[in-house]
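What the coordinates show
Listed here are the chains, written in short residue letters.
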Amino acid sequence: MPLIRLDKFISERTEFSRSEIKNLVGRKRVTVDGQVVKNSDLKINPDTAKVFVDDNEIRSERFRYILLNKPAGYVCSTSDNDGANVMELIPENLRTKNMFPAGRLDKDSLGALLITDDGDLAHRMLSPKRHVSKIYIVKLDRPFKIEYINLFKNGLKLASGEVCLPAEVRGSELSEKLAFIQIFEGKYHQVKRMFSAVGNHVEVLMRISLGNLILPEKLAFGECMELLHKDVENLFLTPDFDDFCRNFTGNFSAKLINNGS
Ligand code: URA
């Protein structure tokens, strides 16, 4: 195993930036194999070194977090038996053997999907108790109606009788058939069933944020990027929905109007 710099080792596994690590080292808060470290560029063996910041061990195990802009036509699965699956879109240099999609988007849905080998994080993110925010932009079959706002806010009843948690919805200024929706749970086909409960129909659906992790516009459909450990904590923050809709630029919306192409 090649040696790597201590500051790289710590920054890939914690929320500390390299400059913060330099500062911690300066304050003698970092030890390697029981010795106080003097330089943050010290080379260490990532498999064997015992690294501590104060009393906290920084384990060598490193999870990977990939944000994929899912295109239509791929299932969220790790099995080859389900047809084309999202794992095929992850380049080999980013893929690890235990990776899986943390959460689901339908085969025809687009947008932000987290792929990771960190089972604890996926569990935390998907736990119904966590109420992680998810924002979607949808292209509807019929114009958005202002009355949806209160219907969705008050906990919509689906055709199955299930009642949804309060959700936010806004029409887009770009088109009367585009809308943003923020939900805090993940029922099967939830967004499609919510719009169907108010007599509309989702033609195209794209997830544009998971918590406060926002899909970058530069990421084309089918492309992915590796996230840093500190980005991942954004999953558990909730963006203000009105600010989000106001600041959201038109690029993805335009793609959606063209049916995700
Ligand atoms: N809601 C849906 O209906 N489909 C998705 O893919 C995600 C949320």
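In this text, all values refer to a predicted model and were calculated from it rather than measured experimentally. (Residues numbered from 1 in each chain as written. Predicted model: local features only at pLDDT ≥ 70, side-chain atom pairs only at ≥ 80, totals over all residues. Heavy atoms only, no water.)

1. Some words on the pattern of salt bridges
Selection criterion: When a carboxyl oxygen of Asp or Glu is within 4 Å of a side-chain nitrogen of Lys or Arg, the pair counts as a salt bridge. By definition, any uninterrupted DSSP run of H or I lasting at least four residues is a helix, any uninterrupted run of E lasting at least two residues is a strand, and each is numbered from the N terminus. Only protein chains enter the calculation, and the probe is 1.4 Å; a residue is then buried if its accessible area is under 20% of its type maximum, exposed if over 50%, and partly exposed in between.
Here the structure, examined in full by the defined rule, presents 19 salt bridges. Two residues, Glu233 and Arg124, come together in a salt bridge whose shortest N-O distance is 3.3 Å. In this pair, Glu233 is assigned in the loop between helix H6 (229–232) and helix H7 (241–247) and Arg124 in helix H3 (residues 119–126), connecting sequence segments 109 residues apart. Note on Arg124: relative accessible area 29%, which makes it partly exposed. The salt bridge partner of Glu168 is Arg170, with a shortest N-O separation of 3.2 Å. One network of salt bridges, with partners in common, ties together Lys8, Glu12, Arg13, Arg62, Arg64 and Glu226.

2. Description of the domain arrangement of the chain
This is how the line gets drawn: All domain edges in this entry derive from an automatic or database-based domain assignment.
If you check the domain split of the chain, you get domain 1 (4–58) and domain 2 (65–257). The distance between the C-alpha centroids of domain 1 and domain 2 comes to 36 Å.

3. Structural notes on the nonpolar core
For soluble globular proteins, the rule of thumb is that nonpolar side chains tend to be buried together. Applicable threshold: What is meant by a nonpolar core is a set of buried Ala, Val, Leu, Ile, Met, Phe, Trp, Tyr and Cys residues, joined one to another through side-chain atoms within 4.5 Å. Only heavy atoms enter the contact rule, under which two residues are in contact if any of them lie within 4.5 Å.
Membership of the largest hydrophobic core comes to 33 residues, with the highest contact counts inside it found for Ile115, Phe152, Ile181, Val191, Met194 and Phe195. Those elements giving two or more residues to this core turn out to be strand E7 (65–70), strand E9 (110–116), strand E10 (134–140), helix H4 (148–153), strand E12 (178–183), helix H5 (190–197) and strand E13 (202–210). Excluding its chain neighbours within four sequence positions, the residues that come into contact with Phe195 are Val138, Leu140, Tyr148, Phe152, Val169, Ala179, Ile181, Asn200 and Val202. With 29 residues, the next largest nonpolar core counts Leu114, Ala122, Leu210 and Leu215 among its residues.

4. Re the environment of Asp108
Worth spelling out the cut-off: Any N or O atom pair separated by 3.5 Å or less is treated as a polar contact, with the protein-specific requirement of one donor-capable and one acceptor-capable atom, and with residues adjacent in sequence counted only for side-chain atom pairs.
Tracing the chain through its elements places Asp108 in the loop between strand E8 (100–102) and E9. The class for Asp108 is partly exposed, based on a relative accessible area of 45%. Linking Asp108 and Gly73, residues 35 residues apart in sequence, is a C-alpha distance of 5.6 Å. The residues contacting Asp108, other than those within four sequence positions of it, are Ala72 and Lys192. Among the polar contacts made by the side chain of Asp108, one reaches the side chain of Lys192 at a distance of 2.8 Å.

5. A word on H3
Helical geometry: 3.6 residues make up each α-helical turn, so side chains three or four residues apart lie on a common side. The condition that has to hold: To obtain the arc, one takes the directions from the helix axis to the C-beta atoms.
Within the sequence span of H3, burial applies to Leu121, Ala122 and Met125. Taken down its axis, H3 places every buried residue within 100° of arc, on the same side. Turned more than 90 degrees off the buried face of H3, the exposed positions are Asp120 and His123. Close packing links the buried residues of H3 with E7, E8, E9, E13 and H6. Where H3 begins, the capping side chain belongs to Asp118, and its oxygen is found 3.2 Å from the backbone nitrogen of Asp120.

6. Thoughts on the sheet that holds strand E5 (residues 51–53)
Here is the rule we go by: In this analysis, strands are considered paired if DSSP registers two or more bridges between them. Comment: axis = line fitted to C-alpha atoms, over the contacting stretch for helices; angle = value between 0 and 180 degrees taken between N-to-C directions.
In spatial order, the strands read E3-E2-E5-E6; together these four strands make up an open sheet with antiparallel pairing. Single-partner strands in this sheet number two, and they are strand E3 (35–36) and strand E6 (56–58). Sheet analysis places strand E2 (residues 30–32) next to E3, joined by two bridges and oriented antiparallel. Counted as the bridge partner of Val32 is Gln35 from E3. Helix H1 (residues 6–13) rests against E2, E5 and E6 of the sheet, and its axis sits at about 65° to E5.

7. Some words on unusual backbone geometry
With phi around 55°, Asp54 is a residue other than glycine that occupies positive phi space. Notably, His189 is not glycine yet its phi reads approximately 50°, a positive angle. Tracing the chain through its elements places His189 in the loop between E12 and H5. You can call His189 partly exposed: its relative accessible area is 29%.

8. Regarding the pairing of strand E11 (residues 168–171)
Pairing geometry for E11 and E12, over four bridges, is antiparallel. Looking at E12, one finds that Gly171 is bridged to Ala179. Linkage of E11 to E12, two consecutive antiparallel strands, is achieved through a turn of six residues.

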